[in-house]
Every structure is written in C-alpha cells, then in structure tokens.
Amino acid sequence: MAAERKPTFFQSLAAGGLAGTAVDLLFFPIDTVKTRLQSAQGFIKAGGFRGIYKGVGSVVVGSAPGAAAFFSTYEAMKHSIPLHGQLAPVNHMLSASVAEVAACLIRVPTEVIKTRTQTSMYGASTSSFKAATLVLEHDGIRGFYRGFWTTIMREIPFTSLQFPLYEFLKHRLSIYLDRKPLYAHEAAVCGSIAGGTAAALTTPLDVLKTRVMLDHRDPSKQQVPSLLMRVRQIYIQEGARALFAGIIPRTMWISAGGSVFLGVYEWAIRGFMSA
C-alpha cells in the first residue's frame, strides 16, 4: 500500500472552507425544514415549506471560516497527539472534539442568526443582516453565543461518533482496495455512513440546541430553564417523540451532507497536494 502524505495546515484550511461552503449551500433547504420541525411554535407557524432559503446569508458568511477552523485544527491535532494503532480512535475523538470547540466559536453566531431567520422570529421579511442587528441590539455580543455550550454538548458526541467511524471505514476500505489515499467518491461513501449514524443518535441534543437558540428571553431579567428542565418540559408537554423531531431530515441531510462534506474535502486535499 502506498504511503499517505499529510496535508499542510493551509491545505487543510482551504479544503475545509471549500467543503463547508459546498455542503451548507447545497443542503440548506433540508436544514430549514429540520429547524422548523424542531421549533416549539410548530412547523407551519415557523414557516412550513415557504422561504426555505431564509437565513442563508449567515451561512454564506460563516460556513467557510467555521469548516476551515475545524479541519485545520483536526488535522493538526490528529498528527500531534501520540496515540496510534489500537488507540487511533481515541486520537480521532480527542482531535475532533478540540476542532469542534474551535469551529463553534465561529459557527454558533451564524447558527443563532440562521435559526431565528429560518423560523421567522423577527418577521417573515427579515433578512439575515437585520436579524444580526436585532440580536446585537437586544442581547449584545453574548446574544450571538446563546446556546454555545448546548451546541458543544451536541457536537462533541456527534464528532466523537462520526470521525472515529469515518477514519475506521476509510482504513478498512484502504486495506480492502490495497490503496491509500482513497479517491474522493470512496471517502464520500464512508463520510455518508458515518455522518448518518452520528446524526440519528444525537438528534435529541440537536432538538435541545434549537430550542435554546430560539429562546430570546434575557437570562439577566427572566428565569430561563436549565438544560435538564428543558428536556423535562419537552418530554412532559410534547412527549418523547418531540426529542426526535426532525430526525429524518437531519439524518438525510447529514448523511448526504457528510458524503459531500468529506468527499469534497478529500478531493480538495488531493488537488492541493498534487499541485
């Protein structure tokens, strides 16, 4: 099997930005449907199937930097942590977790704007830019990070499942094909399986994240329920099924998105390294 070259920090940065932009723009309508299904106001009142590209402006601004931060951190950590062989999955879990924290510093503000625009919280005609100014006006800078720790709580389990499984599937396929690195479409299949599996299992955390981001109450002026209280309220008032609201579109878009995201990343990395 041919030896695998390692991408540089800037190659990972550029490839990650390209991959993130591609997947977020391509699958944005499915993400809108998922967000509206998870909204406490209900799917129809949140907008139904109308305006499924509402909030795309924030994604255009934040997608590339967030994905670039993730992949550059992930690759740097993966090759720095001295855990290999049988301990490689632990390496991938730790690397992906640190990378998610770095990415969320950029991703969460765009998520706050996106979810509020998708569900017409500030009115059906409000743009992403206007939503951002309203968040800043009402809540200040900290308003952009509402749900930050809930997002981290969702993303770390998600990536701890996705990336070890993705690396494992790539490794097994490389052995089977006796070739390394894999072609982009082969890595895309591994990414699709890994992403879909992780997405389905972490849907309750995604529901919780959405509810927190859509709660515009000021914690300094009003009592805001804790995460455990929110889970209890959802379970009692809406039933256990509400914790899995949007599981089908979430699994579909992350499975397909994982294919595009990781496939484009591997394709871009191969292109940059062969240039």
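Residues numbered from 1 in each chain as written. Predicted model: local features only at pLDDT ≥ 70, side-chain atom pairs only at ≥ 80, totals over all residues. Heavy atoms only, no water.

Visitor: For this particular structure, what's the right way to read the overall build of the protein?
Guide: Of regular secondary structure, the protein possesses 10 helices and zero strands. Its helices and strands taken in sequence order, the protein reads α-α-α-α-α-α-α-α-α-α from the N to the C terminus. Here the protein has a C-alpha radius of gyration of 19 Å; the compact-globule value for 275 residues is 19 Å, and the two agree. Seen along its three principal axes, the alpha-carbon backbone of the protein occupies a region of about 60 × 35 × 35 Å. The buried share among the 275 residues of the protein stands at 51%. Restricting to contacts in the protein with at least 6 residues of sequence separation, those with at least 24 account for 78%. Here the protein has roughly 13200 Å² of accessible surface; of this, 68% comes from carbon and sulfur atoms. (Helix = DSSP H or I, 4+ residues; strand = E, 2+ residues; numbered from the N terminus. Rg over C-alpha atoms; globule rule 2.2 N^0.38 Å. Buried < 20%, exposed > 50% of the residue type's maximum accessible area, 1.4 Å probe, protein only. Contact = heavy atoms within 4.5 Å. Areas by Shrake-Rupley, 256 points an atom, 1.4 Å probe, with all protein chains shown as cover.)

Visitor: Whenever I open this one, the packing of helix 8 (residues 203–214) against helix 9 (residues 227–238) confuses me. Can you help?
Guide: When two helices pack together, their arrangement is given by the angle between the helix axes and the distance between those axes. The interhelical angle for the contact between helix 8 and helix 9, taken along N-to-C directions, is 105°, at an axis separation of 11 Å. Relative to helix 9, the element helix 8 lies roughly perpendicular. Where helix 8 approaches helix 9, its residues V207, L208, R211 and V212 are matched on the opposing element by L227, R230, V231, I234 and E238. Residues that form the contact of helix 8 with helix 9 fall into these classes: six nonpolar, no polar and three charged. (Axes fitted to C-alpha atoms, helices over the stretch in contact; angles between N-to-C directions. Parallel < 35°, antiparallel > 145°, perpendicular 65-115°, else oblique. Nonpolar A, V, L, I, M, F, W, Y, C, P; charged D, E, K, R; others polar.)

Visitor: I'm lost on helix 5 (residues 128–139) in this one. Help?
Guide: Helical periodicity: at 3.6 residues per turn, an α-helix aligns residues three or four positions apart in one direction. Compared with the 16 Å implied by 1.5 Å per residue over 12 residues, the 16 Å span of helix 5 between its first and last C-alpha is a close match. All of the buried residues along helix 5 are S128, A131, A132, L134, V135 and D139. Axial view of helix 5: buried residues confined to an arc of 165°, hence all on one face. Projecting away from the buried face of helix 5 at angles above 90 degrees are the exposed residues F129 and E137. In the core, the buried residues of helix 5 are packed alongside helix 3 (56–78) and helix 4 (88–118). (Expected span 1.5 Å × (residues − 1). Arc of directions from axis to C-beta.)

Visitor: It is not clear to me how the packing of aromatic side chains should be interpreted in this structure. Could you clarify?
Guide: Describing an aromatic ring pair means giving the distance of the ring centres and the angle of the ring planes. Summed over all chains, the structure comprises 13 aromatic pairs. Relative to F163, the ring of F70 lies with its centre 5.1 Å away and its plane at 45°, an arrangement referred to as tilted. Here F163 lies in helix 6 (residues 148–177) and F70 lies in helix 3, a separation of 93 residues in the sequence. Classification of F70 by relative accessible area gives buried; the value is 2%. On the basis of relative accessibility, which here comes to 2%, the residue F163 falls in the buried class. With centroids separated by 5.0 Å and ring planes inclined at 45°, the aromatic side chains of F71 and F261 adopt a geometry described as tilted. (Phe/Tyr/Trp six-rings, centres within 6.5 Å; stacked < 30°, edge-to-face > 60°.)

Visitor: Just to check I follow, could you spell out the pattern of salt bridges for this structure?
Guide: Pairs can form between side chains of opposite charge once their charged atoms are near each other. Taken as a whole, this structure holds 17 salt bridges when the rule is applied. Measuring nitrogen to oxygen at the nearest pair gives 3.5 Å for the salt bridge that ties E111 to K114. Note that E111 and K114 are positioned in helix 4 at a spacing of three residues, about one turn of the helix. Here E111 and K114 have matching classes, each one buried. Overlapping salt bridges, with partners in common, bring together D31, K34, E111, K114, R154, E155, D206, K209 and R250 in one network. (Salt bridge = Lys/Arg side-chain N within 4 Å of Asp/Glu carboxyl O.)

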